[in-house]
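If you want the building blocks of each chain, they are given just below.
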Amino acid sequence: MKIAALIATTALTATTAFADGHIDKTGWPSSFTVGTASQGGTYFAYGSGWANLVAEELGLTGGGEVTGGPMQNMALVHTGDAQFGMTTMGPAAESIAGTNPIAPGLAMTNACAMFPMYQTPFSVTALSSSGITSIADIPDGARIGFGPAGSTSDTYFPRMMEELGVNFERRNGGWGDLGGQLQDGLLDVIAFAAGVPVPAVSQLEVQTDVNIIEFTEEEQATIMAAFPVAAFDIAADTYTTLEAPARSVSMWNFAIANCDLPASFVKAAVDVVMSDNERMVNIHRAARSTLPENYTKNAGVLPWHPGAAEWFIENAGADIPADQIFGN
């Protein structure tokens, strides 16, 4: 059942309305922030980019903010400390269920789906000089950098490594910092969960020789059986190091909005991002998946913001059930 009342609120498409300036800006904030993650990661590059684009197009002050990643972003958007944010579907589901480690027991139901971003592959990187070319090569007690504490990578990758029988010493930090530690010999491996190409890996490739380690078919199947992930291949042209696609697993990412933001504001922001994919790809190549048809990847995990639902119903022919839209 589509929301007829939402569709009837304007006879114009979103793009036409915004272009003509005929838009109700009642209740719009004068500025906004987008919760991203640490510098050197895809979230920061992608999130800062779309924040700046939306701010410029809508004539507002706005930008990306360094955070601890998806878990913290769910908390910041739920409380309204950040208007927008970015999250992965696993942490989103945990946050809604009240198992977010930042605030155990708090069901973060005031963070709404805004638009689909891209898939987050889980990948492993080591220096070529380490001799590590497979998961089986990771030595007992290896020092592994899992990204910022509470991030998607830190939430799931240690569990995945344990599932694969890897014994390790857990390290946390921003992706840029961990890349430096790997290069300096302070880490043996970095386990990335980030949209590709990961800026920190691209930078490492320029400075030294690295191995981007794929999962075997058996390892991939083991992880898929134990965690909410899907099969994914990191394309060979993602990194200069790769000569063939690298077998991986992935989890979808969504932009989120505080559910109490005005529908017209969120709809306008969604229109800026979703109406011109080329602009988004110029911000980050991961945005090749930031397409209207991928609204289905929410799959009922997050409630839709009414303004976002209106945009996808009008512009993507989305069939969003009424009970999946916030406030209904």
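Provided above is the structure to which this section pertains.
Residues numbered from 1 in each chain as written. Predicted model: local features only at pLDDT ≥ 70, side-chain atom pairs only at ≥ 80, totals over all residues. Heavy atoms only, no water.

Chemist: Is there a simple way to think about the packing of aromatic side chains in this case?
Modeler: When we look at a pair of aromatic rings, we describe it by the centre distance and by the angle of the planes. Under the defined criterion, the tally for this structure stands at 15 aromatic pairs. Ring geometry for Phe32 and Phe84: centres 5.5 Å apart, planes at 65°, overall edge-to-face. With a gap of 52 residues between them, Phe32 in strand 1 (residues 31-35) and Phe84 in strand 3 (residues 84-88) connect regions that are remote in the sequence. Taken as a pair, Phe32 and Phe84 share a single burial class, namely buried. Ring pairing ties together the aromatic residues Trp28, Phe32, Trp50, Phe84, Phe115 and Phe265, which thus form one cluster. The lysine or arginine in question, Arg159, covers the ring of Tyr156, its NZ or CZ lying 5.0 Å from the ring centre. (Phe/Tyr/Trp six-rings, centres within 6.5 Å; stacked < 30°, edge-to-face > 60°. Helix = DSSP H or I, 4+ residues; strand = E, 2+ residues; numbered from the N terminus. Buried < 20%, exposed > 50% of the residue type's maximum accessible area, 1.4 Å probe, protein only. Lys NZ or Arg CZ within 6 Å of the ring centre and 35° of its normal.)

Chemist: Is there a simple way to explain the packing of helix 5 (residues 89-96) against helix 6 (residues 152-163) in this structure?
Modeler: Relative orientation and spacing of two packed helices are given, respectively, by the angle between their axes and the distance between those axes. Put simply, helix 5 and helix 6 touch, their axes get as near as 9 Å, and they point 100° apart. With respect to helix 6, the axis of helix 5 lies roughly perpendicular. On the side of helix 5, the interface is formed by Gly90, Pro91 and Glu94, while helix 6 contributes Thr152, Thr155, Tyr156 and Arg159. In the contact of helix 5 with helix 6, the residues fall into two nonpolar, three polar and two charged. (Axes fitted to C-alpha atoms, helices over the stretch in contact; angles between N-to-C directions. Parallel < 35°, antiparallel > 145°, perpendicular 65-115°, else oblique. Contact = heavy atoms within 4.5 Å. Nonpolar A, V, L, I, M, F, W, Y, C, P; charged D, E, K, R; others polar.)

Chemist: What am I meant to see in the pattern of salt bridges here?
Modeler: Think of it this way: side chains of opposite charge can pair up when their charged atoms draw near. Counted under the stated rule, the structure contains nine salt bridges. Between Asp188 and Arg143 there is a salt bridge, with the nearest N and O atoms lying 3.1 Å from each other. Placement of Asp188 in the loop between helix 7 (175-183) and strand 7 (189-193) and of Arg143 in strand 5 (residues 142-145) is noted, with a sequence separation of 45 residues between them. We classify Arg143 as partly exposed; its relative accessible area is 25%. Glu310 is the partner of Lys267 in a salt bridge, and the nearest nitrogen-oxygen pair spans 2.9 Å. Here Lys267 is found in helix 10 (residues 263-274), whereas its partner Glu310 is found in helix 12 (residues 306-316), with 43 residues between them in sequence. Here Lys267 matches Glu310 in class, with each residue buried. What you see here is one network of salt bridges that share partners, running through Glu57, Asp276 and Arg279. (Salt bridge = Lys/Arg side-chain N within 4 Å of Asp/Glu carboxyl O.)

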